[in-house]
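Structural description and commentary
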Amino acid sequence: MTNVRIGVMYDRDWAPEGLPEFARRAESLGVDDLWVVEDLGWNGGVTAAAVALGATRRLRVGIGITPAPLRSPVLLAMELATLARVFPGRLVAGIGHGVREWMAQVGVAPRSPLALLEETITSVRALLRGERVALAGREVQLDGVELVHAPTEVPPVVAGVVRPRSLELSGRVADGTLIAEGHGPRDLEHTRELVAKGGATADHTLTVFAFACVGDDPGEVARTLHPRTEGHGAWLGRPQEEVFTVSGDAAGASGAVRALADAGADTVVLRFVGDDPLRQLEAVLEAWRAAPTT
C-alpha cells in the first residue's frame, strides 16, 4: 500500500480556544498531521502552530500558509526556528503568495508576487540552515543576516501555490508543494509535471488539502458540501461538480484518499465540513486501516 500521511485541518472558522483540545483528540485518534491556516482576519498561523505543538506530543503540525507579503522573511525564519528548536521534527512551514486582494487591502501587495515568493522561500530556508544571508533581490533586501538559534533539525519549507509558473517556482526553490482544496488525482499528475519542470528532485513532497464530509446519506453529504464546493469552484475557475472532495461513506472517503495517494500525494489533509469533524475523521481512519493492503 502506498505510504501516505493523513492529516486534518483546524478550520479557520473554528474559534482558536478550541484548538488545544481538538489537537489532543486528533492525536489520540492516530492521525499523522494537523494543519492550521493563516488567512487575513482569521487566526495567526505561527501562533496557532505553537498552540497545537504545545498541546500534543507526537503530531506533526503544518502551517498552511503564511502569506509572504505579510512578514519579513527574517522575522518568519526567527519564528519558525523557535518552534523547530522547541519541537524538533514536528513542523512544516508553508509559504505562499497570499490572496492578492487581501494583500492590497493591507497595503503589502508586491510588485512581483513571483519574485517575492522565490526570494522569501530562498532566504527563509537559508536562514533556517544557519547560513548568513545577503540578498539584493527585487523584493527582498538582506545584508548579512543570520539566526543565533538556528534549528538543530531544519523544518521543511513548502510552497502553497496553484498556478503553473508558481508550481514551477516551487519545484525550483521549496522542499515541497502544498495544493489547495478541490484538486483531484488528474490535477496532481499535472502538478508533478510542473514542479519537475522547475527542477524538483525525487524528495520534493506533495501535500494536498481536500474538503471532506463523511456520512451514509449521499444527499445530506452533497448538501453539506455544496456551499464550499460552489465557492471554491468559482475560485478555481472550474464547474462545481469538478471540485474534488473526500466524501461519501467512510469506505468511499478512504478510497478518495487512496486515489490522491496513488496520484502522487505524500500527505492528504482533510478539511471536514459538517457536524462532529473528529467523529468523521475517526470513521475515515478506521476505514483506511481496514482497507486491504496491496
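Details of the structure are given in the entry above.
Residues numbered from 1 in each chain as written. Predicted model: local features only at pLDDT ≥ 70, side-chain atom pairs only at ≥ 80, totals over all residues. Heavy atoms only, no water.

**Things to note about the environment of Ile121**
For the record, the criterion: Helix and strand labels come from DSSP, where a helix needs a run of H or I of at least four residues and a strand needs a run of E of at least two; each type is numbered from the N terminus. Throughout, exposure labels follow a simple rule: accessible area from a 1.4 Å probe, protein chains only, divided by the maximum for the residue type, with under 20% read as buried, over 50% as exposed, and the rest as partly exposed. We call two residues contacting when some pair of their heavy atoms lies within 4.5 Å.
With respect to the secondary-structure elements, Ile121 resides in helix H5 (residues 113–128). A residue is classified by how much of its surface remains accessible, and Ile121, at 0% relative accessible area, is buried. Counting along the chain gives 57 residues from Ile121 to Leu178, while the straight-line C-alpha distance between them is 14 Å. Setting aside residues up to four positions removed in sequence, Ile121 forms contacts with Ile95, Val157, Ala159, Val173 and Ala174.

**With respect to the environment of Ala210**
Following the sequence through the fold, Ala210 ends up in strand S9 (residues 205–214). Expressed as a C-alpha distance, the spacing of Ala210 and Leu29, which sit 181 residues apart in the sequence, is 19 Å. With residues up to four places along the chain from it excluded, the contact list for Ala210 reads Glu181, Val246, Leu260, Val269, Leu270 and Arg271.

**A word on the nonpolar core**
The condition is simple: Side-chain atoms within 4.5 Å are what join buried Ala, Val, Leu, Ile, Met, Phe, Trp, Tyr and Cys residues into a set we call a nonpolar core.
Counting residues in hydrophobic clusters, the biggest one holds 77 residues, and the most contacted among them are Leu34, Val246, Leu260, Leu270 and Leu281. The leading source of residues in this core is H5, at seven residues. Residues contacting Leu281, with those up to four places away along its chain left out, are Val8, Ala26, Leu29, Val31 and Phe272. If you look at the next biggest cluster of nonpolar residues, it comprises nine residues, including Met9, Val92, Val158 and Val269.

**Focus: unusual backbone geometry**
With an omega of 0°, the peptide bond running from Gly64 to Ile65 counts as cis. Even without being a glycine, Asp276 presents a positive backbone phi close to 50°. Relative to the helices and strands, Asp276 is located in the loop between strand S11 (267–272) and helix H10 (277–290).

**Some details on the packing of helix H6 (residues 164–173) against helix H7 (residues 185–198)**
Rule in force here: Note on geometry: axes are C-alpha line fits, over the in-contact stretch for helices, and angles between N-to-C directions span 0 to 180 degrees. Note that the term roughly parallel is reserved for angles under 35 degrees, roughly antiparallel for angles over 145, roughly perpendicular for angles of 65 to 115, and oblique for everything else. Left-handed is the label given to a crossing in which the near helix is rotated counterclockwise from the far helix by less than a right angle, and right-handed is the label when the rotation is clockwise. Residue type decides the class: Asp, Glu, Lys and Arg count as charged, Ala, Val, Leu, Ile, Met, Phe, Trp, Tyr, Cys and Pro as nonpolar, and the leftover types, Gly among them, as polar.
The interhelical angle for the contact between H6 and H7, taken along N-to-C directions, is 55°, at an axis separation of 6 Å. By the angle between their axes, H6 is oblique relative to H7. The hand of the H6/H7 crossing is right-handed. On H7, the residues touching Pro164, Leu167, Glu168, Gly171 and Arg172 of H6 are Thr191, Leu194, Val195, Lys197 and Gly198. Considered class by class, the residues forming the contact of H6 with H7 number four nonpolar, three polar and three charged.

**Overview of the pairing of strand S2 (residues 33–36)**
Heads up, the rule is: We call two strands paired when DSSP finds no fewer than two bridges between them. A crossover counts as right-handed when, viewed with the strands pointing away from the observer, the path leading from the first strand over the helix to the second turns clockwise.
Here S2 shows two buried faces, one formed by Asp33 and Trp35 and the other by Leu34 and Val36. When strand S1 (residues 5–9) meets S2, the two strands line up parallel, connected through three bridges. From the neighbouring strand, Gly7 faces S2, where its bridge partner is Asp33. Taken together, S1, helix H1 (residues 19–29) and S2 form a β-α-β motif whose crossover is right-handed. By the bridge criterion, four bridges tie S2 to strand S3 (residues 60–67) in an arrangement that is parallel. In the sheet register, Asp33 faces S3, and the bridge partner there is Arg60. Of the crossover connections in this fold, the one passing from S2 over helix H2 (residues 45–55) to the parallel S3 is right-handed.

Functional significance is not addressed by these values, which are geometric in nature.
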